[in-house]
Amino acid sequence: MAELDSDRPGELVIDTALDPTGAPILILSGELDIASAGALEATVASITAKNPEQLIFDLSRLRFMDSAGIAVLVDAARKVNGVHLRDPSPIVRRVVELMGLSSVLPIES
Amino acid sequence: MGKAPEAKTASASPQNLGGRAAAEGAGPSATPAGSARRFRPSRAAGVAFLLGLIVTAAFALTSLGLYEHNESHLLRLRAREVGSVLTAVVPSVQTPLASAAELADATGGSPQKFRVFMAPYVGPGRQFASASLWPLRASKLVPTAVLGTAPFLASLPAQAHAFFAHAEKSPRLNVLGILSSAHPSLGFEFATPGVAHGFAVYAENPLPKNRRSSLASNSAFSDLNYALYLGHSQSHGALLVTNVQHFPLTGRHASTVVPFGDSAFTVVVTPNGSLSGTFFANLPWIIAVVGVLVTLAAALMTDRLQRRRVHAEQLAGALDRVATENRRMYTQQRSIAQTLQHALLPDALPQFRGLEVSARYVPAASGIDIGGDWYDIVDAGAGQVLLLIGDVSGHGLPAATTMASLRHAAQAYAAQEYRPATVLAKLSSFVDSTPHSYLETALCALIDVDAHRLTLASAGHLPPLLITGNDGHFVEVDVGAAIGVTSDAQYQETTIGVPPNATLVAFTDGLVERRGEILDIGLARLRDTATSQRLTLEDLVAKLARDLTSEHHRDDTAIVGIQWQN
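Residues numbered from 1 in each chain as written. Chains lettered and ligands numbered in written order. Predicted model: local features only at pLDDT ≥ 70, side-chain atom pairs only at ≥ 80, totals over all residues.

Asks: Break down the overall build of chain A for me, citing the residues and quoting the values.
Replies: Broken down by element type, chain A carries three helices and four strands. Along the chain direction, N to C, the helices and strands of chain A fall in the order β-β-α-β-α-β-α. Sequence separation of at least 24 residues holds for 69% of the intrachain contacts in chain A that already meet a minimum separation of 6. (Helix = DSSP H or I, 4+ residues; strand = E, 2+ residues; numbered from the N terminus. Contact = placed C-beta atoms within 7 Å.)

Asks: Explain the overall build of chain B residue by residue, including any values.
Replies: A count of helices and strands for chain B gives 10 helices and 20 strands. Here chain B holds 566 residues, and 33% of them are scored as buried. In chain B, once contacts between residues fewer than 6 apart in sequence are set aside, the share between residues at least 24 apart is 68%. (Buried ≥ 20, exposed ≤ 12 C-beta atoms within 10 Å, placed from the backbone.)

Asks: Talk me through the confidence of the model for chain A; I want residue IDs and the actual numbers.
Replies: Per-residue confidence for chain A gives a mean pLDDT of 85, with 91% of residues at or over 70. In the predicted structure, residues 1-8 of chain A sits below a pLDDT of 50 and forms 15 contacts with residues beyond four places in sequence or in another chain. (pLDDT = per-residue confidence, 0-100.)

Asks: Could you give me a rundown of the pairing of strand E5 (residues 199-206) of chain B, with the residues and numbers involved?
Replies: All names here are of chain B. In terms of burial, E5 is a largely internal element, six of the eight residues being buried. Sheet analysis places strand E1 (residues 130-135) next to E5, joined by six bridges and oriented antiparallel. Looking at the pairing, Ser 132 lines up with Tyr 202 of E5. (Pairing = 2+ DSSP bridges.)

Asks: Report on the environment of Gly383(B), specifying residues and quantitative values.
Replies: Mapped onto the elements, Gly383(B) comes out in the loop between strand E11 (373-381) and strand E12 (384-392). In this structure the C-alpha to C-alpha distance between Gly383(B) and Ile447(B), which are 64 residues apart in sequence, comes to 8.5 Å.

Asks: Residue-level account of the nonpolar core, with values.
Replies: Within the largest apolar cluster, 101 residues are counted, with the highest numbers of intra-cluster contacts made by Ile70(A), Val74(A), Leu101(A), Leu387(B) and Leu424(B). Among the elements that make up this core, the one with the highest residue count is helix H2 (residues 67-79) of chain A (eight residues). Ile70(A) has contacts with Met65(A), Val95(A), Val96(A), Met99(A), Leu101(A), Ser393(B) and Leu439(B), leaving out every residue within four places of it along the chain. Of all hydrophobic cores here, the second largest spans 52 residues; its members include Phe117(B), Tyr121(B), Phe188(B) and Tyr202(B). (Core = buried A, V, L, I, M, F, W, Y, C linked by C-beta atoms within 7 Å.)

Asks: Would you mind going over the pairing of strand E1 (residues 12-18) of chain A in detail, with residue names and values included?
Replies: Residues and elements named next belong to chain A. In this sheet, strand E2 (residues 24-32) lies alongside E1 in antiparallel orientation, the contact comprising seven bridges. Directly across from Asp 15, in E2, lies its bridge partner Ile 27. Here E1 hands over to E2 after five residues, with Gly 22 in that stretch at a positive phi of 100 degrees.

Asks: Could you give an account of the sheet that holds strand E15 (residues 465-468) of chain B, naming the residues involved and the relevant values?
Replies: Residue and element names in this part refer to chain B. Pairing is antiparallel in the open sheet, where five strands are placed in the order E10-E20-E19-E15-E16. The sheet is open, and its two borders are formed by strand E10 (355-362) and strand E16 (471-474), each paired with just one other strand. Adjacent strand axes in the sheet meet at a mean angle of 15 degrees, parallel and antiparallel pairs treated alike. When E15 meets strand E19 (residues 503-507), the two strands line up antiparallel, connected through three bridges. (Axes fitted to C-alpha atoms, helices over the stretch in contact; angles between N-to-C directions.)

Asks: Help me get a handle on the sheet that holds strand E3 (residues 54-65) of chain A, residues and values and all.
Replies: Residues and elements named next belong to chain A. If you walk across this open sheet you meet the four strands as E1-E2-E3-E4, and the pairing is mixed. Edge positions in the open sheet fall to E1 and strand E4 (82-86), since each of these has one partner strand only. Strand-to-strand, the axes of this sheet are offset by a mean angle of 20 degrees, without reference to chain direction. Contacting E1, E2 and E3, helix H1 (residues 37-48) crosses the sheet at an angle of about 15 degrees to E1.

Asks: Describe the packing of helix H3 (residues 43-106) of chain B against helix H4 (residues 111-118) of chain B, and please don't skip the residues or the numbers.
Replies: Residues and elements named next belong to chain B. At a minimum axis distance of 10 Å, the contact between H3 and H4 shows a crossing angle of 160 degrees. If you check the angle between H3 and H4, you find them roughly antiparallel. Here the hand of the crossing between H3 and H4 comes out right-handed. Between H3, through Pro 96, Ala 100, Leu 103 and Ala 104, and H4, the contact on the second element is made entirely by Lys 113, Phe 114, Phe 117 and Met 118. Partitioned by chemical class, the residues of the contact of H3 with H4 number seven nonpolar, no polar and one charged. (Parallel < 35°, antiparallel > 145°, perpendicular 65-115°, else oblique. Left-handed = near helix turned anticlockwise from the far one by under 90°. Nonpolar A, V, L, I, M, F, W, Y, C, P; charged D, E, K, R; others polar.)

Asks: Run through helix H5 (residues 157-168) of chain B, naming residues and quoting values.
Replies: Residues and elements named next belong to chain B. Under the 1.5 Å per step criterion, the end-to-end length of H5 is 16 Å for 12 residues, consistent within 8% with the ideal 16 Å. Every buried residue of H5 is listed here: Ala 160, Phe 163, Phe 164 and Ala 167. For H5, the buried positions fall inside an angular range of 95 degrees around the axis, keeping them on one side. Opposite the packed face of H5, turned more than 90 degrees from it, sit the exposed residues Ala 158, His 161, Ala 162 and Ala 165. The inward-facing, buried residues of H5 contact E1, strand E3 (174-179), strand E4 (185-191) and E5. (Expected span 1.5 Å × (residues − 1). Arc of directions from axis to C-beta.)

Asks: How would you summarise the environment of Ala415(B) if you had to cite specific residues and measurements?
Replies: Tracing the backbone through its elements, the reader meets Ala415(B) in helix H7 (residues 396-415). C-alpha of Ala415(B) to C-alpha of Leu386(B): the two residues are 29 residues apart in sequence and 9.5 Å apart in space.

Asks: Lay out the environment of Val72(A) in plain terms, naming residues and giving numbers.
Replies: As for its placement among the helices and strands, Val72(A) is situated in helix H2. Separated by 30 residues in sequence, Val72(A) and Ala42(A) place their C-alpha atoms 9.7 Å apart.

Asks: Lay out unusual backbone geometry in plain terms, naming residues and giving numbers.
Replies: Residues and elements named next belong to chain B. Even without a glycine there, the phi angle at His 452 is positive, about 50 degrees. The phi dihedral of Asn 501 falls on the positive side, at around 55 degrees, and the residue is not glycine. Considering the arrangement of structural elements, one finds Asn 501 in the loop between strand E18 (494-497) and E19.

Asks: Account for the packing of H1(A) against H2(A), naming residues and giving values.
Replies: Residue and element names in this part refer to chain A. It is at 9 Å that the axes of H1 and H2 come closest, and there the two elements cross at 10 degrees. Judged by the angle between their axes, H1 and H2 are roughly parallel. Contact residues: Ala 37, Leu 40, Glu 41, Val 44 and Thr 48 in H1; Ala 68, Gly 69, Val 72, Ala 76 and Lys 79 in H2. Residue composition of the contact of H1 with H2, grouped by class: six nonpolar, two polar and two charged.

Asks: Just give me the short version of the confidence of the model for chain B, but keep the residues and values in it.
Replies: Residues and elements named next belong to chain B. For chain B, the average pLDDT comes to 81, and 84% of its residues sit at 70 or higher. Of all helices and strands in chain B, the one with the weakest mean pLDDT is helix H1 (residues 3-26) (38), whereas E19 scores best (96). Across residues 1-36, confidence stays below pLDDT 50; counting only partners more than four residues off in sequence or on other chains, it has 28 contacts. Interface predicted TM-score (ipTM) for the complex: 0.82; the corresponding pTM is 0.51.

Pasting the structure below:
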């Protein structure tokens, strides 16, 4: 099935940056799925350990996110009050929406 | 399911390698011990050695050729120098004899004048050993004046006659040649021809003993061995003098001819050492020795590199075997996990009056992990059936155990005749009471079979597909947060009427989710596939499982179909 060819392992690249407000930003590129969720989980844990007031996930370069990936974001949202998603693609945005997580993972305005 | 198995591969490898290395060390075919006993160079090293030798030989031979050529050239130059020196010596023999002959003609052959004139030239250490004046017109051919030793020629009348007869016509120095006797001498004559009463002046010089004479070590020609011949011949009989003990000269030689009166001197020289110096003489050997050493070093280095490569290849082979072993182990583990997964799902679906039920679970195609997809259908009493379908984020045993506990909790809530929204809220608080880092989406549907009514609540789960005839649409459900996000989650119920013989398909995201594709496209694909032809419920579920999952699938998938039989 040709339409399933894209169902191959992807890679996730995690970059960190600081927002002008001082909030840490995790810039995710590639695909966030069950295979790469562990790596993100470790990075998130190292950041939430410092108890930041805010945490921004820059998803502008994220092509795919599955429920395991969302679980990491939700977990971060449980530990940090101000978790925001920045610039998610329609694909990612729709996943968040359909999982009823729009209020837990608000998109940055 | 890439990462988790890879991590396990990495941690398992060193252990396995260690075990393998120990086994190899103990084995009888252990190569390191073998090579220590006997050195067997590799083929590449042999080739390198051979090439090195060929190159070395080529350089050494070239150097030798250049050296030989240079030596020959230098020797020819030296022979020419010797010739020049000899040429300069000739007048010192010729001039006194010519002058004495002139004097004899002018003085009518005065013996007195002859003696006075020739005295400084004759004697030991001077030009001549013997000098004599011979009147050519006399009746008897005898010398009228003799200085120094008596000429041998005087004792050989026939030879003297012939010599002077020839010399009379020759206006130059005539060389008699080597007088063979116990004491060989060289004789030469000068006469003034065309004068009525001609006189000839004759001189002799004895040849050195055994015709051997060494050069002084400080001589300009001390680096040469020489042989001086009379005439153009190099025969033993013509030898005047040489400095070598073992005659004739052998090896590299050069010769030059110097005119001497009516005859000539032939000088043959050979070097008694290297003319161009010791260094150049030894250069070919130096090149050969250094070349062989460098070649040996290169061969050894090649051998070492080759051994390392072989070792690396062996290591790669060992790693490959370990990887194969790991793959086998994971395949085994995966089948264990799948067995567990199937054990956790309902064996057989319960049968309900007026309702047909079919379900399918498609595990993810690769990796050892089992998914967290689950479903259950329970009798809720009073002609009602509770359908539950959920997807625990994550895979592997943690997801499977979470799934198991959720399923059991849900069954308990269903038994207490809770409404869908209540079931989900209770599940949410159940999950939140334990430490976790996962999410679970769940759909809870309460089906009133006879009333054709459906009450739904969703915790972040995809909506079910409702099919009536050829028409299909997704039930619009008010979606609440996925389970595990907050403990105080609240869910809204949606109740709809269901047409007769309608089919409800609930599913997990593996059925519609594709990388690089928005979910709505996957949902539309599901709807189109499900309504493309009329099928029995069993066939429909099988078709969806077959057509919408593939062997490359990375997520597991659960499908539950429910069909009203009237």
